[in-house]
2 protein chains.
Amino acid sequence: MTTAYSHLCATFTRLSHYNHLSAIAGWDMATMMPSAGSQARSEALAELSVLSHQVLTAKQVGEWLKQAGNEALNDVELANLREMRRQYQQSALLPESLVQEKSLAGARCEHAWRVQRRANDWEGFSENLREVVRLSRQEASLRADATGSSRYDALLDMYEPGMTSKKLDVLFGDLKTWLPELLQKVVEKQKAESCIIPAGPFDIEKQRQLGLKVMERLGFNFDAGRLDVSSHPFCGGVPQDVRITTRYNEDEFLSSMMGVIHETGHARYEQNLPKKWLGQPVSNARSMGIHESQSLLFEMQLGCSEPFLRSIYPLVNAQFGERKGLDESNFIKLNQRVQPGLIRVDADEISYPAHVILRYEIEKALIEGEIEVEDIPALWSHKMQEYLGIDTVGDYRNGCMQDIHWTDGGFGYFPTYTLGAMYAAQLFQCANHAIPTLQDDIARGDLTALFQWLQQNIWQHGSRFSTDQLINNATGETLNPAYFRQHLENRYL
Amino acid sequence: MTTAYSHLCATFTRLSHYNHLSAIAGWDMATMMPSAGSQARSEALAELSVLSHQVLTAKQVGEWLKQAGNEALNDVELANLREMRRQYQQSALLPESLVQEKSLAGARCEHAWRVQRRANDWEGFSENLREVVRLSRQEASLRADATGSSRYDALLDMYEPGMTSKKLDVLFGDLKTWLPELLQKVVEKQKAESCIIPAGPFDIEKQRQLGLKVMERLGFNFDAGRLDVSSHPFCGGVPQDVRITTRYNEDEFLSSMMGVIHETGHARYEQNLPKKWLGQPVSNARSMGIHESQSLLFEMQLGCSEPFLRSIYPLVNAQFGERKGLDESNFIKLNQRVQPGLIRVDADEISYPAHVILRYEIEKALIEGEIEVEDIPALWSHKMQEYLGIDTVGDYRNGCMQDIHWTDGGFGYFPTYTLGAMYAAQLFQCANHAIPTLQDDIARGDLTALFQWLQQNIWQHGSRFSTDQLINNATGETLNPAYFRQHLENRYL
Ligand SMILES: [Zn+2]
Ligand SMILES: [Zn+2]
């Protein structure tokens, strides 16, 4: 007998095939495509996205979802059905017209932003942004009405299922009580220590070789993935063929090296998602926060730790030799340097949460209708001063116009960065307990046990459990921000 | 009012978007994809091809095609409608079951062939091939019944619309009367001349640089295309973003260089197809024969001509210096060397037609049911002896098992290679008359006038005219094989 559930599986397999093509064409667009291909590529991708939307929100899918609830399903199938329902509801909830309007307004705002940002043109930008906010509020209302949540929570839930602003207020409220002070202390402490910036040039091909060697050390499967170049680094492709990117700058090599370590964390999660369910929603990564926990575990917990930096120092040395500032001890200092600055993506791990909390507070108020677009700059300056002690008045370009997220209505995404950092600290601490030899292993460059632990506790589960369950199963408790604080104090004080 | 014709245009635009994704994913598969991605990629591409087939053969499309015949259309629209009808009929004619059976049998035969060829295993191969032939005959019968043509002609027409075996028999029959003798004469003549094979290694990166320089000279638009590496060179992508490939061998650089020139001929045709009709069938390249005429015009008519070789000699010299065998005069000899051999893809331009005629005669008899698979080896040996004077008995691997075409049922394709060579000779001769300074231009490296002529006479027309019309408009007569003979005698005697 053909069950409703099996019809659903076939439909989602089909969608995963479309998604495969879209992922590869998207990767190609960012890495390989010559400029004149852009228009045709956008049209082809838009066609596929319309098709995927139609297939996912077909009336029949809604009926199968109802029927499948009465069929005899095992645990994994039930989890799969839950994720299917989630995807269906997220897509089917919005009228086609709003989807289209929002996508157009977002594309317009993002496109103009690329020029306006360079020109520091807040007036021009805010006009487009107002329209994006108007439509995002509409979207949030519709989603909130359907789920009974607040408007902002309805958006947040799309990236981080189960997370609410009530929980975030507690988590971030706690952070705000100790983070600014910690930051100041660490900056003071580091002032006393000398740290030398090694002078370039750093040959691009050597940087690439270093990246590949580090990826190898981190267990990246090169039979199922690649490293390439794009202007904005990302992890793309499909679990069977994961494409990560970086960008190179001849003047310094650390940001590319650390970027590669970060994306390799994303990549190993993708490469190790449950093979037997691939193509079904239950095989997908759990959430944006959990995804970021893997990249930040690789980059911050592991990558910036002293034993790891010592273990890869010979690789760095092999590429760039003994130049000034590249002795082992200064190499470690360079990677643990704390310097509050204007730009989120350049921030160290202590400053980073301040950037996120600031954005969270502003975007929440914006979506809930408590503030308007014209209130953003003043709030931004005020909070930058308060959380990071930095004056940004009038500098929109390196202030509230620096990120792409809001331009196409990605409200609710920012918190996942700091959730990821917190999950990472908790998971790494737990792995440390579970593997008594871990610090020695890392120093020796043997990461087998760590990866086994991640495989067993995170990667292999895909979306089978809720985030709370997943973290609870892995660490014996749900998200506990104390580990993050502990980590920062241990490393930097 | 929305006309049936405009519905058709929208449908074919949609199909062109799917084709875009399929072309890029196919290119990626051959150039970039790591091995483990293969299964998922094949599935994704198969899904898209099923979808395209459904969209193209939908009942509505058949109805619109009928209705559009009664609508007021201009010349271009009528040509577009003709090409739409052609595509629809080619797809709608076969029952889904036969399409599927043939695709499975072809995939199985091709897959096994990769091993069997290496093992010289004709027994094993012929078993699979019999099944492919059986299904190709069924396909040919269905197509023949619908069009009133012979079985083989029905297949031939898919690659070369308007071509028939009756015409081919005349063209190839003529060739057979003079080609073997010419070949022998040229081989004798060249025996008396010394030609030195320059010794490698030829650095791969330098070969790549040479290829790029030559592409630049040949007007390749790098804003709308790329050069990459694949094990079987091809020209892929879409007109807005044309992807050509080559392969490198450290021991010699000429086959890669000439391969790049060949693919650049294909690429410039694609890059210059009519912009305003892109996405519609009328914008497509006219036929496989015309496509090959462009690549062979670039490679053979232009690329192997003395003035052109002289004009790019400095580029070669700049990469590889003055080594023995790389003086200008020997460089020209190397590119005009005639040596009958076993392998079609390695053949010089005099031997090449013999390889094609041999295959044409065998595949025609096979599809028409005049011979069976087990008759192929004996026929092959006999004809190789007769046309090329080469003994191949027992060497299946370098004999009837050397090509991929038959493994998945590509019967009817081979003749387009030699049709291309003939069209190329005729077009080039005509361009020579139209541009009195052409030989001097070429020697000076100025190809502007030649490309303008090709643009005006071939590229910009896409599929607007039939092949006969196109060639007649361009040259004042339909295909005339005398130009090809003239060209060979001029160059080699
Ligand atoms: Zn990340
Ligand atoms: Zn070709």
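Under an unreviewed UniProt entry, the name given to chain A is Metal-dependent carboxypeptidase, and the organism recorded is Hafnia psychrotolerans. Per UniProt, the comment on chain A under Function (unreviewed entry) is "Broad specificity carboxypetidase that releases amino acids sequentially from the C-terminus, including neutral, aromatic, polar and basic residues." As recorded by UniProt, the Catalytic activity (unreviewed entry) comment attached to chain A reads in full: "Release of a C-terminal amino acid with broad specificity, except for -Pro."

Explain the interface of chain A and chain B residue by residue, including any values.
The parts lose accessible area when they come together, and the size of an interface is often stated as this lost area. Each side of the interface is counted separately: chain A has 31 residues, and chain B has 31 residues. When the two sides are added together, the surface that chain A and chain B hide from each other amounts to roughly 2700 Å², 62% of it contributed by carbon and sulfur. Of all residues in chain A, His 17, Leu 21 and Glu 47 of chain A give up the largest surface area on contact with chain B, accounting jointly for 21% of the area buried on that side. Broken down by secondary-structure element, the contributors of at least two residues to the side of chain A that touches chain B are helix 1 (4-31), helix 2 (38-57), strand 1 (225-229) and strand 3 (241-246) of chain A. Per element, the largest residue contribution to the side of chain A that touches chain B is nine residues, and it comes from helix 1 of chain A.

Got a sec to walk through empty space enclosed by the protein? Specific residues and values, please.
Across all of its chains, the model carries six cavities of 30 Å³ or more by this definition. Computed from the structure, the largest cavity encloses a volume of approximately 70 Å³. Grouping the constituent residues of the lining of the largest cavity by class yields seven nonpolar, no polar and two charged.

Which residues make up the pairing of strand 1 of chain A, and what values do they have?
Residues and elements named next belong to chain A. Most of strand 1 sits out of view: four of its five residues are buried. Summarising the sheet, strand 1 and strand 3 pair through five bridges and their orientation is parallel. Of the residues in strand 3, the one forming a bridge with Asp 228 is Thr 245.

Can you tell me about the sheet that holds strand 1 (residues 225-229) of chain B, naming the residues and giving the values?
All names here are of chain B. The sheet built from three strands is open, its strands ordered 1-3-2 with mixed pairing. What marks the edges here is a single partner per strand, and that holds for strand 1 and strand 2 (235-238). Going across the sheet, the axis of each strand differs from the next one's by a mean of 20°, ignoring polarity. The strands that helix 10 (residues 254-271) touches are strand 1, strand 2 and strand 3 (241-246); relative to strand 3, the one it contacts most, it runs at about 165°.

Outline the coordination of the zinc ion (ligand 1), supporting the account with residue identities and numerical values.
All names here are of chain A. Here the zinc ion (ligand 1) is held by the protein donor atoms His 262 (NE2), His 266 (NE2) and Glu 292 (OE), which lie 2.1 to 2.5 Å from it. All donor residues of the zinc ion (ligand 1) come from one chain, and their arrangement in sequence is H-x3-H-x25-E. Within this pair, His 262 and its partner His 266 are both found in helix 10 (residues 254-271), separated by four residues, close to a single helical turn. For the pair formed by His 262 and His 266, the shared burial category is buried.

What counts and what doesn't
- Residues numbered from 1 in each chain as written.
- Chains lettered and ligands numbered in written order.
- Predicted model: local features only at pLDDT ≥ 70, side-chain atom pairs only at ≥ 80, totals over all residues.
- Heavy atoms only, no water.
- UniProt positions renumbered as here; feature names shortened; annotations may be inferred.
- Contact = heavy atoms within 4.5 Å.
- Buried area = accessible area lost by both parts, 1.4 Å probe.
- Helix = DSSP H or I, 4+ residues; strand = E, 2+ residues; numbered from the N terminus.
- 1 Å grid on protein atoms, 1.4 Å probe; cavity = no way out; pocket = protein on both sides within 12 Å on 5 of 7 lines; lining within 4 Å.
- Points joined across faces, edges and corners; volume = space filled by probe spheres on them.
- Nonpolar A, V, L, I, M, F, W, Y, C, P; charged D, E, K, R; others polar.
- Buried < 20%, exposed > 50% of the residue type's maximum accessible area, 1.4 Å probe, protein only.
- Pairing = 2+ DSSP bridges.
- Axes fitted to C-alpha atoms, helices over the stretch in contact; angles between N-to-C directions.
- Donors = N, O, S within 2.8 Å, 3.2 Å for Na, K, Ca; no water.

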